[in-house]
Structures are given as structure tokens and as C-alpha cells.
Amino acid sequence: DPAADVANLQRAACFLLERITTEDQTRRRGVVVVADCAGASLGMLRKLRLRDAQRGMDMVAGFPCRLRHVYVINLPRVLYPVAATIRACLSKKQRARLTVNRPATLLEDVDAALLPPSVGGTADF
């Protein structure tokens, strides 16, 4: 069931975000999210439904700390129009916190020691 796949992915993301925000300092300072979209396809996009988007928005709205920046990297070109549409729906402040397919910017802003080698970092996970 494609809808269950998306819901399970969102639940897993929610669990991870809850785990990393257990410390007060993290909630105060905020987090940076790196979404590696290598392997994403239009087929995956077809699985998304309105309910999935609503659930995702609810997750972000209820997030217990500041989302400092979101880096979406390795997004296939075929999905650029989708990213542009989403970006157009964001406020100016939110757009400033979203970087799509600029890995060099990621490495300028985030210490390579905190990132896995798959995205240009040196961390050993």
C-alpha cells in the first residue's frame, strides 16, 4: 500500500526528530536537516496524497524546536519543478531556510565532520 509507505516514512522521520530534540539546548538552538534525495523519482511522488502533505505540515507545525535550515541535496532534475512549486508556497523567511541541490553550500555551512561521506562529509557513522 503506497499510502502506508509514506505514512511509515513520516513516522520514522518524526521518531528521529523527537529523539534529537530531547535536550533543552537542541530545542533552544534549533536543528539543521539534510535530506538526501538520491534515488527519488516521479514514481515516488505519485504515491503522495493530500493526507500525506497534511500530516507532514502537522509534523512541522508541532515540531518542538526551531528548524534552522533544510538542505535538500541530490534531488533528480525531474523533480526540480516540484521543488520550485513548494518553494513558491513558502514565506520569504522559510525560503531563506531552504537550499535545494547546492552541496557546496551545505559544506560551507555545516562542518564536514558532522556529515556522512555520502554527502561530502567525513563523519564515521
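Please refer to the structure placed before this passage.
Residues numbered from 1 in each chain as written. Predicted model: local features only at pLDDT ≥ 70, side-chain atom pairs only at ≥ 80, totals over all residues. Heavy atoms only, no water.

Caption draft 1: Highlighting the overall build of the protein. Looking only at helices and strands, the protein has seven helices and three strands in total. Counted from the first residue to the last, the protein has its helices and strands arranged as α-α-β-α-α-β-α-α-β-α. A compact globule built from 125 residues should have a C-alpha radius of gyration of about 14 Å, and the protein, at 15 Å, falls within 12% of that. Dimensions of the protein, computed from C-alpha atoms along their principal axes, come out at roughly 35 × 35 × 30 Å. Sorting the 125 residues of the protein into buried and exposed places 23% on the buried side. The long-range share in the protein, meaning contacts at least 24 apart out of those at least 6 apart in sequence, stands at 73%. Summed over all atoms, the accessible surface of the protein reaches about 8,800 Å², with 58% contributed by carbon and sulfur. Separation between the mean location of the 19 positive side-chain charges and that of the 12 negative ones in the protein comes to 8 Å. (Helix = DSSP H or I, 4+ residues; strand = E, 2+ residues; numbered from the N terminus. Rg over C-alpha atoms; globule rule 2.2 N^0.38 Å. Buried < 20%, exposed > 50% of the residue type's maximum accessible area, 1.4 Å probe, protein only. Contact = heavy atoms within 4.5 Å. Areas by Shrake-Rupley, 256 points an atom, 1.4 Å probe, with all protein chains shown as cover. Lys, Arg positive; Asp, Glu negative; His and termini not counted. Charge placed at Lys NZ, Arg CZ, Asp CG, Glu CD.)

Caption draft 2: Summary view of the nonpolar core. Grouped together as the largest cluster of nonpolar side chains are seven residues: Cys37, Val70, Val72, Leu75, Leu79, Ala83 and Leu98. Among all residues touching Cys37, those that are not within four sequence positions of it are Val72, Ile73, Asn74, Leu75 and Pro76. Formed by six residues, the second largest nonpolar core is a distinct cluster that contains Tyr71, Ile73, Leu106 and Val119. (Core = buried A, V, L, I, M, F, W, Y, C linked by side-chain atoms within 4.5 Å.)

Caption draft 3: Representation of the sheet that holds strand E2 (residues 67-73) in the model. If you trace the three strands from one edge of the open sheet to the other, you get E1-E2-E3, paired in parallel fashion. Where the open sheet ends on each side, the last strands, each with one partner, are strand E1 (31-36) and strand E3 (98-100). Recorded for the sheet is a direction-independent mean angle of 10° between the axes of neighbouring strands. (Pairing = 2+ DSSP bridges. Axes fitted to C-alpha atoms, helices over the stretch in contact; angles between N-to-C directions.)

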